[in-house]
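Residue-level structure breakdown
What follows is the residue order along each chain.
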Amino acid sequence: MLELERLSKHFGGVLASDGVTLAVAQGQVHALIGPNGAGKTTLIGQIVGRLKPDAGRIRFLGRDITHLPQHERVHAGLACSHQITSLFASFTVLDSLALAVQARSGSSFSFWRPVGTEMALVDQARGLAHEIGLHERLDTPAAALAHGEQRVLEVGLALATNPKFLLLDEPMAGMGPEEAERLMVLLEGLRARVTMLLVEHDMDAVFRLADRVSVLVGGRIIASGAPHEVRQDPAVTVAYLGDERAAADR
Amino acid sequence: MRSALVALLVLALLPLALSAMDQGFYVGFASRVLIYAIAATSLNLVLGYGGMVSFGHAAFVGTGAYVSSIALAEGLTSAWVGWPLAVMASALLAWGIGAVSLRTRGVYFIMITLAFAQMMFYLVNSMKAYGGDEGLTLPHRAELGLGLELGNDLVFYYVVLLVLALTLGGLHRLANSRFGRVVAAIRENEPRAEAIGYPVHRFRLACFVIAGAFGGLAGVLLASHGKYVNPGALHWLQSGTLMVMVVLGGVGRLWGGVVGAAALLGLEHLVADYPVGWLVQIAPNYQQHANLGVGVVLLVIVLFAPRGIVGLVTRTRNART
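Residues numbered from 1 in each chain as written. Chains lettered and ligands numbered in written order. Predicted model: local features only at pLDDT ≥ 70, side-chain atom pairs only at ≥ 80, totals over all residues.

**Notes on the overall build of chain B**
Our working definition: Only DSSP runs of H or I reaching four residues or more are called helices, and only runs of E reaching two or more are called strands; each is numbered from the N terminus. Computation of the radius of gyration draws on C-alpha atoms, with the globule rule given as 2.2 Å multiplied by the number of residues to the power 0.38. Think of it as a crowd count around each C-beta: if 20 or more other C-beta atoms lie within 10 Å the residue is buried, if 12 or fewer it is exposed, and in between it is partly exposed, with C-beta placed from the backbone throughout. By definition, residues are in contact whenever their C-beta atoms, placed on the basis of the backbone, come within 7 Å of each other.
When you go through chain B residue by residue, the secondary structure sums to 14 helices and 2 strands. Against the compact-globule benchmark of 20 Å for 321 residues, chain B has a radius of gyration of 20 Å, which places it among compact chains. In terms of overall dimensions, chain B has a C-alpha envelope of 60 × 50 × 40 Å along the principal axes. The buried share among the 321 residues of chain B stands at 49%. By sequence separation, contacts in chain B at least 24 residues apart represent 75% of the contacts at least 6 residues apart.

**Re the overall build of chain A**
When helices and strands are tallied, chain A shows 9 helices and 10 strands. Taking the principal axes of its C-alpha atoms as reference, chain A extends roughly 60 × 40 × 35 Å. Looking at the 250 residues of chain A, the share that counts as buried comes to 42%. Expressed as a percentage of contacts within chain A between residues at least 6 apart in sequence, the contacts between residues at least 24 apart total 66%.

**What to know about the packing of helix H3 (residues 93-103) of chain A against helix H5 (residues 147-160) of chain A**
All names here are of chain A. Our working definition: The angle between two axes is taken between their N-to-C directions and runs from 0 to 180 degrees, where each axis is a line fitted to C-alpha atoms and a helix contributes only its stretch in contact. The cut-offs work like this: below 35 degrees is roughly parallel, past 145 is roughly antiparallel, 65 to 115 is roughly perpendicular, and the gaps in between are oblique. Note: crossing handedness is left-handed where the near helix turns anticlockwise from the far helix by less than a right angle, and right-handed where it turns clockwise.
At a minimum axis distance of 7 Å, the contact between H3 and H5 shows a crossing angle of 30°. With respect to H5, the element H3 is oriented roughly parallel. Where H3 crosses over H5, the two elements pack in a sense that is right-handed. Across from Val-93, Ser-96, Leu-97, Ala-100 and Val-101 in H3, the residues of H5 making contact are Leu-153, Gly-156, Leu-157 and Ala-160.

**Some thoughts on the interface of chain A and chain B**
Selection criterion: By the convention adopted, Pro, Cys, Tyr, Trp, Phe, Met, Ile, Leu, Val and Ala count as nonpolar, Lys, Arg, Asp and Glu as charged, and the other residues, Gly among them, as polar.
On the chain B side, the residues contacting the 28 residues of chain A number 21 residues. Looking at the side of chain A that touches chain B, the elements that each hand over two or more residues are helix H2 (70-76) and H3 of chain A. Partitioning the side of chain A that touches chain B into residue classes produces 16 nonpolar, 10 polar and 2 charged.

**Observations concerning the pairing of strand E3 (residues 29-33) of chain A**
Looking along a regular strand, one sees the side chains alternate between the two faces of the sheet. All names here are of chain A. To keep things clear, this is the line we draw: Strands qualify as paired when DSSP identifies two bridges or more between them.
Counting buried positions along E3 gives 5 out of 5 residues, so the element sits mostly inside the fold. Here E3 shows a buried face lined by Val-29, Ala-31 and Ile-33 and a second buried face lined by His-30 and Leu-32. Bridge analysis of E3 against strand E9 (residues 212-217) gives 4 bridges, and the strand direction is parallel. Each bridged residue has a counterpart across the sheet, and for His-30 the counterpart in E9 is Arg-212.

**Looking at helix H5 (residues 106-125) of chain B**
Residue and element names in this part refer to chain B. Spelled out, the test is: Given a helix with a known number of residues, its expected span is that number minus one, times 1.5 Å. What the arc measures is the spread of directions leading from the helix axis to the C-beta atoms.
For H5, with 20 residues, the first-to-last C-alpha span of 29 Å sits near the 28 Å given by 1.5 Å per residue. Listed as buried for H5 are Thr-113, Phe-116, Ala-117, Met-120, Phe-121 and Val-124. One side of H5 carries all its buried residues, which in axial view fall inside an arc of 145°. Along H5, exposed side chains directed more than 90 degrees from the buried face belong to Val-107, Tyr-108 and Tyr-122. Structurally, H5 contributes buried residues whose contacts are with helix H3 (58-73), helix H4 (79-101) and helix H10 (236-249).

**Topic: the pairing of E9(A)**
Residue and element names in this part refer to chain A. Buried residues dominate E9, accounting for 5 of its 6 residues. With 5 bridges connecting them, E9 and strand E10 (residues 220-225) associate as antiparallel partners. Across the sheet, the residue bridging to Leu-216 is Ile-221, located in E10. Joining the antiparallel neighbours E9 and E10 is a turn of 2 residues, in which Gly-218 adopts a positive phi near 60°.

**Quick notes on the sheet that holds strand E8 (residues 195-199) of chain A**
Strand pairing in a sheet takes place through backbone hydrogen bonds and is either antiparallel or parallel in direction. All names here are of chain A. Spatially, the 6 strands line up as an open sheet ordered E6-E7-E8-E3-E9-E10, and their pairing is mixed. If you trace the sheet from one side to the other, it starts and ends with strand E6 (78-81) and E10, each paired once. Pairwise comparison of adjacent strand axes, ignoring direction, gives a mean angle of 20° for this sheet. Across 4 bridges, the pairing between E3 and E8 is parallel. The residue of E8 that forms the bridge with Leu-32 is Val-199. Of the strands in this sheet, E3, E6, strand E7 (165-169), E8 and E9 touch helix H1 (residues 40-48), which is tilted by about 150° from E7.

**Observations regarding the sheet that holds strand E1 (residues 2-11) of chain A**
Residues and elements named next belong to chain A. The 4 strands are arranged E2-E1-E4-E5 in an open sheet whose pairing can be described as antiparallel. Because the sheet does not close on itself, it has two edges, and the strands there are strand E2 (14-24) and strand E5 (63-64). The pairing of strand E4 (residues 55-60) with E5 spans 2 bridges and is classified as antiparallel. Bridge pairing in E5 links Phe-60 to Arg-63.

**A word on unusual backbone geometry**
Residue and element names in this part refer to chain A. The backbone of Arg-6 sits at a positive phi, close to 40°, despite the residue not being glycine. Secondary-structure assignment places Arg-6 in strand E1. The exposure class of Arg-6 is partly exposed, given the 13 C-beta atoms found within 10 Å. Phi at Leu-61 takes a positive value of approximately 55°, unusual for a residue other than glycine. Following the sequence through the fold, Leu-61 ends up in the loop between E4 and E5.

Structure (structure tokens):
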């Protein structure tokens, strides 16, 4: 569904993406892990269209999207949730979700009719709020939500664009165990209809959700495979899991 | 909604009250305030609703003023021809300026809009055929037809009031429409708006053009009001004045431009016409520097009521009524 072909990107002398080739198959949850500074954020930036790759190609649903602007990728069905919560502070939960639904339903160059009277938008937004468990917070401004709720809304905004492919950049970041569990249940429920690329530090989440795991180190994919294979890959153990194992051994 | 209708009703009855008090002179002053209210409201659309700090709004007001005046000078006496022409010219200019300057952000955007406006200022300054730096005096106001004589100050007042009412009504609808929500979202978080699928630049440009068109309409009325236009209408001081009005009244508030224009022009008028005894003693010609008083009031507003006068009165958060 999503194919990266020898994607390269450098900042000054630093090669943040060093010929990354990666394929995410339809219906899969593909996890991308790697230590800090491995180039995950740079790679995500290129996939969503925030950054232009220096070389290489990105194909989505068989179509070359390397030079497509970010908003058109969303219209093609590629959505992402951000590692650092990025919401519309004064928008309520309902308004935020309705806004995201609106992005992919009809033209937004409509100047006269109040959005509040478009029941189709409002109903979809309510349904989404239910799905992500924020239905009791509909009229709360995003800025007034608890951290965990903001993280959920972050994912909700991406979902509201009705994506075929969801790129989740550390969705569990800063969440308590209970909140993380709720989000994991939500993501498990989504896997039937959305393909996902999950970038996550939480290894429990990765090994529970992922069908495949790829490991990014120093801008290169050093291993890719089923979770248990990757776990036992000696190169991965040294480069990445090594830290945790060593810590556990002590 | 109800308070808006009451406010418009009061404005509609104002000339009657003024003539009853034998203060007919103030009808002209009230027209001027309402025209500035339209201009400030149009700036509030980009500045307050769109979050784009444009420091060149006078370019659109001035273009509207000049194009309508030139049309009149060239014999196009019908308002139905000259006015739309002027508004379209302002919109077109806004499209051109916006297409370039909206690629920048922050201080650069402020500076580039200022630079464009100053270019327009010098352009009209050098238009010798239309008065150059001396400005252009009009023999009469445009013709409206419909049995209405725009030359009559009372008729003119009601035309201005109607335009203001339509502007406010339009802005209210716009703010709550799909388009308005997207513009607000871009103001709040531009990268996120792009990330959920909105072509940010296109929306910002459309907002800028709409504001420019309404600014042009205000300019048309301004030139028509005084039957005179000069390059000062495009000067950056004019842009600054409009900005002060918006800040005074309330950034991003529907009535912000109206209240700000009334407050600023009213204050200027008070300072200039009613000497304060003890102040005259220490500063004999302080009245020629009305901006002194304005500066103090602006300072107080910004320090103690950052939401402007409208925000001070309503105190309801996020209520854009």
